[in-house]
Amino acid sequence: MVHELSLAQSIVDVVTENARGMGIRRVRRVTVLVGEWSAVVPESLEVGFHFLAAAAGDLFDGVELKVTLEPVEGACTACGHRFAPGHTGLTCPACGGVARLMTGTALQIQSYEGE
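Quick caveat: nothing in here was measured; it's all calculated off a predicted structure. (Residues numbered from 1 in each chain as written. Predicted model: local features only at pLDDT ≥ 70, side-chain atom pairs only at ≥ 80, totals over all residues. Heavy atoms only, no water.)

1. Some thoughts on the overall build of the protein chain
Scanning the protein chain from terminus to terminus reveals two helices and six strands. In the protein chain, the order of α-helices and β-strands from amino to carboxyl end is α-β-α-β-β-β-β-β. Computed over its C-alpha atoms, the radius of gyration of the protein chain comes to 18 Å, more than 25% above the 13 Å expected for a compact globule of 115 residues. On the principal axes, the C-alpha backbone points of the protein chain span a range of 55 × 25 × 15 Å. Counting the 115 residues in the protein chain, one finds 37% classified as buried. (Helix = DSSP H or I, 4+ residues; strand = E, 2+ residues; numbered from the N terminus. Rg over C-alpha atoms; globule rule 2.2 N^0.38 Å. Buried < 20%, exposed > 50% of the residue type's maximum accessible area, 1.4 Å probe, protein only.)

2. Points about the sheet that holds strand S2 (residues 64-70)
The mixed open sheet is built from three strands, whose spatial order is S2-S1-S6. Of all the strands in the sheet, just S2 and strand S6 (107-114) have a single pairing partner and so form its edges. On average, each strand axis in the sheet is inclined to that of its neighbour by 20°, with strand direction left out of account. Here seven bridges tie strand S1 (residues 27-35) to S6, and the two strands are oriented antiparallel to one another. Its bridge partner being in S6, Val34 is matched across the sheet by Leu107. (Pairing = 2+ DSSP bridges. Axes fitted to C-alpha atoms, helices over the stretch in contact; angles between N-to-C directions.)

3. Considering the sheet that holds strand S4 (residues 82-83)
Spatial strand order, S4-S3-S5: three strands in an open sheet with antiparallel pairing. A strand with exactly one partner marks an edge of an open sheet, and here the two such strands are S4 and strand S5 (99-103). Examined bridge by bridge, strand S3 (residues 73-76) and S4 share two bridges and lie antiparallel to one another. By the bridge assignment, Ala75 is partnered in S4 with Arg82.

4. Looking at unusual backbone geometry
Even without a glycine there, the phi angle at Ala39 is positive, about 70°. Positionally, Ala39 belongs in the loop between S1 and helix H2 (42-56).

5. Observations concerning the packing of helix H1 (residues 2-21) against H2
Any two packed helices are characterised by how steeply their axes cross, that is the angle between the axes, and by the distance between the axes. Two elements in contact, H1 and H2, have axes whose closest approach is 8 Å; the angle formed by their N-to-C orientations is 45°. By the angle class used here, H1 and H2 are oblique. In this structure, the crossing between H1 and H2 has a hand that is right-handed. Of H2, the residues touching H1 (which contributes Glu4, Leu5, Leu7, Ala8, Gln9, Ile11 and Val12) are Ser44, Leu45, Gly48, Phe49, Leu52, Ala53 and Ala56. (Parallel < 35°, antiparallel > 145°, perpendicular 65-115°, else oblique. Left-handed = near helix turned anticlockwise from the far one by under 90°. Contact = heavy atoms within 4.5 Å.)

6. With respect to H2
Over its 15 residues, H2 runs 21 Å from end to end, which matches the ideal 21 Å to within 8%, given 1.5 Å per residue. Restricting attention to buried positions, one finds in H2 the residues Pro42, Ser44, Leu45, Gly48, Phe49, Leu52 and Ala53. Down the axis of H2, the buried set is contained in an arc of 155°. They therefore lie on one face. Within H2, the exposed residues directed more than 90 degrees away from the buried face are Glu43, Val47, Phe51 and Ala54. (Expected span 1.5 Å × (residues − 1). Arc of directions from axis to C-beta.)

7. Some points on the pattern of salt bridges
Summed over all chains, the structure comprises four salt bridges. Across the salt bridge formed by Arg29 and Glu113, the nearest N and O atoms sit 3.9 Å from each other. A residue pair is termed long-range when its members are at least 10 positions apart, and Arg29 in strand S1 and Glu113 in strand S6 qualify at 84 residues. Using a relative accessible area of 28% as the deciding quantity, one classes Arg29 as partly exposed. A salt bridge links Glu73 to Arg82; its shortest N-O distance comes to 2.9 Å. By relative accessible area, Glu73 is classed as partly exposed at 25%. Here the salt bridges share partners, and the residues they tie into one network are Arg29, Glu64 and Glu113. (Salt bridge = Lys/Arg side-chain N within 4 Å of Asp/Glu carboxyl O.)

Right, dumping it as structure tokens:
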């Protein structure tokens, strides 16, 4: 939870700075992309975000946090096969080669809505 709380603080800080710079008085929704292998627990991020948003005042009054999960995808460096890593990790199920992670580690603010 401590990890997610610091990430939630960063989200609140970035959105606050940007929204104030654009003259936005109230943020209604923040959408973030969280990768399945990002080491972020979405539920903990949401709890931390709402706690910090409430402490931030009127700008975040009634805000919704929408978390979109980014699936994990690997790509084999030998044969190019793309697959969802499972019990074999980053070993290609098609040829046994070593794969690299293509998606699934993101943590980014995709958008926010305000007025």
